[in-house]
Amino acid sequence: MLTRRQYAEARDRAAAMIRAAGVSLTEREVAEMDVADLGLGHLEVEGSCMVTFFNTQRVGAKVLALFPNQTMPEHWHTAIGSDPGKEETLRVIDGTLYLYVPGEATVKEGRVPPGKDACYTVRHEIVMHPTDQMTLQPGVRHWFQAGPAGAVLFSFSSSANSPLDPFTDPTIVRVTRIVD
Ligand code: ZN
């Protein structure tokens, strides 16, 4: 849950980061930005801001901004009916991103949010800088965290149906509730 004021402040801060990274946004894209606090109530620690450029029946493209050290919690893109689930490519535009995927545990630069050990099960760290990109296959658990200066990244994918994608943390609510 976010207050309208918290929403507006996060949205404007994220828009400035995205524009500073050289990605132009329309006023409408800013106005409709998804500020995802994931129902956890600590946006600065876990959450992200994202603008969807398009999401057709087959392809989607977004830009995401993560505040300094902010974490997008562990999730995966699940199969729905005949759809095998979203294949997603992350490409860093600005800042540093720590991406975590299955494999040998190598967490070094980033850190699991305090008290959330059980919600972050994949611990293989990939440090990504601008122009680095990584493709994640459907069903592969992943999470990512911005470095100390924040991060801006593109997400290109097969069509996104994110409200249905599971997170490891059972307390997460994907659709942000905004209150006055
Ligand atoms: Zn993902």
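Scroll up a little and you will see the structure.
Throughout what follows, the structure given in this document is the object of discussion. (Residues numbered from 1 in each chain as written. Predicted model: local features only at pLDDT ≥ 70, side-chain atom pairs only at ≥ 80, totals over all residues. Heavy atoms only, no water.)

Applying the stated criterion across every chain yields a total of four aromatic pairs. Ring geometry for Y100 against W143: centres 3.9 Å apart, planes inclined by 15°, an arrangement best described as stacked. With Y100 in strand β6 (residues 88-101) and W143 in strand β9 (residues 142-158), this pair connects stretches of sequence that are 43 residues apart. For the pair Y100 and W143, a shared accessibility class is recorded, and that class is buried. Three or more aromatic residues joined by ring pairs make a cluster, and in this case those are F53, F154 and F156. Across from the ring centre of F67, 4.0 Å away, lies the NZ or CZ of R13, which sits over that ring. (Phe/Tyr/Trp six-rings, centres within 6.5 Å; stacked < 30°, edge-to-face > 60°. Helix = DSSP H or I, 4+ residues; strand = E, 2+ residues; numbered from the N terminus. Buried < 20%, exposed > 50% of the residue type's maximum accessible area, 1.4 Å probe, protein only. Lys NZ or Arg CZ within 6 Å of the ring centre and 35° of its normal.)

A few words now on the coordination of the zinc ion. Surrounding the zinc ion are the protein donor atoms H75 (NE2), H77 (NE2), E88 (OE) and H142 (NE2), which sit 2.1 to 2.2 Å from the metal. Of note is the zinc ion, whose four donor atoms meet at the metal with angles of 84 to 172° in an arrangement that counts as irregular. All donors to the zinc ion come from one chain, and their sequence spacing reads H-x1-H-x10-E-x53-H. Here H75 falls in the buried class, since its relative accessible area comes to 5%. Judged by relative accessible area, which is 5%, H77 ranks as buried. (Donors = N, O, S within 2.8 Å, 3.2 Å for Na, K, Ca; no water. Tetrahedral: all angles 85-135°; square planar, octahedral: opposite > 155°, others 65-115°.)

Moving on, we get to the pattern of salt bridges. Under the counting rule described, the total for this entry stands at 13 salt bridges. Among the ionic pairs, E46 bridges to K116, the shortest N-O distance being 2.7 Å. Separated by 70 residues along the polypeptide, E46 in the loop between β2 (34-36) and β3 (48-55) and K116 in the loop between β6 and β7 (124-128) bring together distant segments of the chain. Of the two residues, E46 and K116, both sit in the buried class. (Salt bridge = Lys/Arg side-chain N within 4 Å of Asp/Glu carboxyl O.)

Structurally, the position occupied by S159 is in the loop between β9 and β10 (178-179). According to the relative accessible area criterion, S159 is buried, its value standing at 19%. Those residues in contact with S159, other than ones at most four positions away along the chain, are N55, T56, Q57, R58, V59, G60 and K86. (Contact = heavy atoms within 4.5 Å.)

On to empty space enclosed by the protein, then. Summed over the entire model, instances satisfying the criterion amount to two cavities of 30 Å³ or more. By volume, the largest cavity is sized at about 160 Å³. Lining the largest cavity are 14 residues, and of these K62, M72, H75, H77 and K86 sit closest to its centre. Secondary-structure elements contributing two or more residues to the lining of the largest cavity are β4 (59-66), β5 (71-75) and β9. Classifying every residue of the lining of the largest cavity gives five nonpolar, four polar and five charged. Approximately 50 Å³ is the volume attributed to the second largest cavity. As for the second largest cavity, its lining consists of ten residues, of which T78, K86, S159, N161 and D165 are closest to the centre. Class assignment for the residues of the lining of the second largest cavity results in two nonpolar, five polar and three charged. (1 Å grid on protein atoms, 1.4 Å probe; cavity = no way out; pocket = protein on both sides within 12 Å on 5 of 7 lines; lining within 4 Å. Points joined across faces, edges and corners; volume = space filled by probe spheres on them. Nonpolar A, V, L, I, M, F, W, Y, C, P; charged D, E, K, R; others polar.)

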